[in-house]
Amino acid sequence: TLFRSNVRYNLLYVDDEAINLLTFLKDFGQDYNLFTAVNSKKGFKILKKNEIHLVISDYMMPGIKGTEFLAEVKKNYPDTILILISAYDDFSILIKAVNDIGIFRFISKPYEPKDFRQIITNALSNYQLAKDKSRTEKVMLESLESLSEAQRIAHLGNWDWDIPGNTLKWSDEIYRIFGLKPKEFEPTYEAFMSYVHPDDRESVQQAVIESINNRTY
């Protein structure tokens, strides 16, 4: 999933110079929901009241510097993408911002609107990818939990066999069916067969052989 043009993302730009905020509004006001603040204090107020997807901060501001502000944003809003902008082209600032804070990009003033627009698009694509991944993982976890509960109720289980590696992955219910504690021992095909009733082992083994030969596993 990439940047979604049909979504109105919320951007916050913090800069102590009003002319820079006005320029930013003029350049990008039609594309995003823009919030601006002349200092970090007002920036934090906006963050508390709104879901901000991308924060852009000037480096040299009265009070705390942009790096300090972004570090606090990262601490309290870890999913938000961060961009640092500055007229001071100091490489040490960039290194610290990337290593200590994890900013997405460092932008030098004055910026080119076309280039900045592409950087914002890329930043929001990263944001969307991370959110979609998190959402997918949550759905998968909920599905696994539902499957586990359904197996517990039905007293059924499932397992996967890595034939070359001769290892099995058992669901928790398989362990319970065999009267074992989950992860009590490393399951293998031999271990599985040892828990099959002696009268049934030959037929089970024959079914496994046929499955391997016919590649129906």
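**Focus on the packing of aromatic side chains**
One pass over the structure, following the stated rule, counts 7 aromatic pairs. Judged by centre distance (4.7 Å) and plane angle (50°), the ring pair of Y13 and F24 falls under tilted. Here Y13 is found in strand β1 (residues 10-14), whereas its partner F24 is found in helix α1 (residues 18-28), with 11 residues between them in sequence. Assessed through its relative accessible area of 1%, Y13 is described here as buried. Taking the relative accessible area as the measure of exposure, F24 reaches 1% and is therefore buried. An aromatic cluster of three or more residues is present, and its members are Y13, F24, F28, Y111 and F116.

**As for unusual backbone geometry**
Outside of glycine, negative phi angles account for most residues, and trans bonds account for most peptide bonds. A cis geometry characterises the amide bond from K109 onward to P110, with omega recorded as -10°. Along the chain, P110 turns up in the loop between β5 (105-108) and α5 (113-154).

**Some remarks on the sheet that holds β5**
Read across the open sheet, the 5 strands follow the order β2-β1-β3-β4-β5; overall the sheet is parallel. Single-partner strands in this sheet number two, and they are β2 (33-37) and β5. Neighbour-to-neighbour, the strand axes of this sheet turn through a mean angle of 20°, independent of strand direction. Here 5 bridges tie β1 to β2, and the two strands are oriented parallel to one another. Bridge pairing in β2 places L11 opposite L34.

**Structural notes on the pattern of salt bridges**
For the coordinates displayed, the defined rule picks out 4 salt bridges. Residue K109 is joined to D15 by a salt bridge in which the shortest nitrogen-to-oxygen separation is 2.7 Å. Taken together, the residues span a long stretch of sequence, with K109 in the loop between β5 and α5 and D15 in the loop between β1 and α1 at a distance of 94 residues. Owing to a relative accessible area of 21%, K109 belongs among the partly exposed residues under this scheme. On the accessibility criterion, D15 (0% relative accessible area) is buried. Of the charged contacts in the structure, one is a salt bridge between K109 and D58, with a shortest N-O distance of 3.2 Å. Of the two residues, K109 is situated in the loop between β5 and α5 and D58 in strand β3 (residues 54-58); the sequence distance between them amounts to 51 residues. Looking at D58, the relative accessible area reads 4%, which means it is buried. Each of D15, D58 and K109 takes part in a single network of salt bridges with overlapping partners.

**Points about a nonpolar patch on the surface**
Together, I19, L22 and L25 make up an exposed nonpolar region whose accessible area comes to about 290 Å². Of note, L22 is situated in helix α1.

**So, the confidence of the model for the protein chain**
Predicted confidence across the protein chain gives a mean pLDDT of 81, with 77% of residues reaching 70 or more. Mean pLDDT across the elements of the protein chain ranges from a minimum in strand β6 (residues 159-162), with 67, to a maximum in β1, with 97.

Calculation rules
- Residues numbered from 1 in each chain as written.
- Predicted model: local features only at pLDDT ≥ 70, side-chain atom pairs only at ≥ 80, totals over all residues.
- Heavy atoms only, no water.
- Phe/Tyr/Trp six-rings, centres within 6.5 Å; stacked < 30°, edge-to-face > 60°.
- Helix = DSSP H or I, 4+ residues; strand = E, 2+ residues; numbered from the N terminus.
- Buried < 20%, exposed > 50% of the residue type's maximum accessible area, 1.4 Å probe, protein only.
- Pairing = 2+ DSSP bridges.
- Axes fitted to C-alpha atoms, helices over the stretch in contact; angles between N-to-C directions.
- Salt bridge = Lys/Arg side-chain N within 4 Å of Asp/Glu carboxyl O.
- Patch = residues over 30% accessible without salt bridge, like charges linked within 9 Å, V, L, I, M, F, W, Y side chains within 5 Å.
- Areas by Shrake-Rupley, 256 points an atom, 1.4 Å probe, with all protein chains shown as cover.
- pLDDT = per-residue confidence, 0-100.

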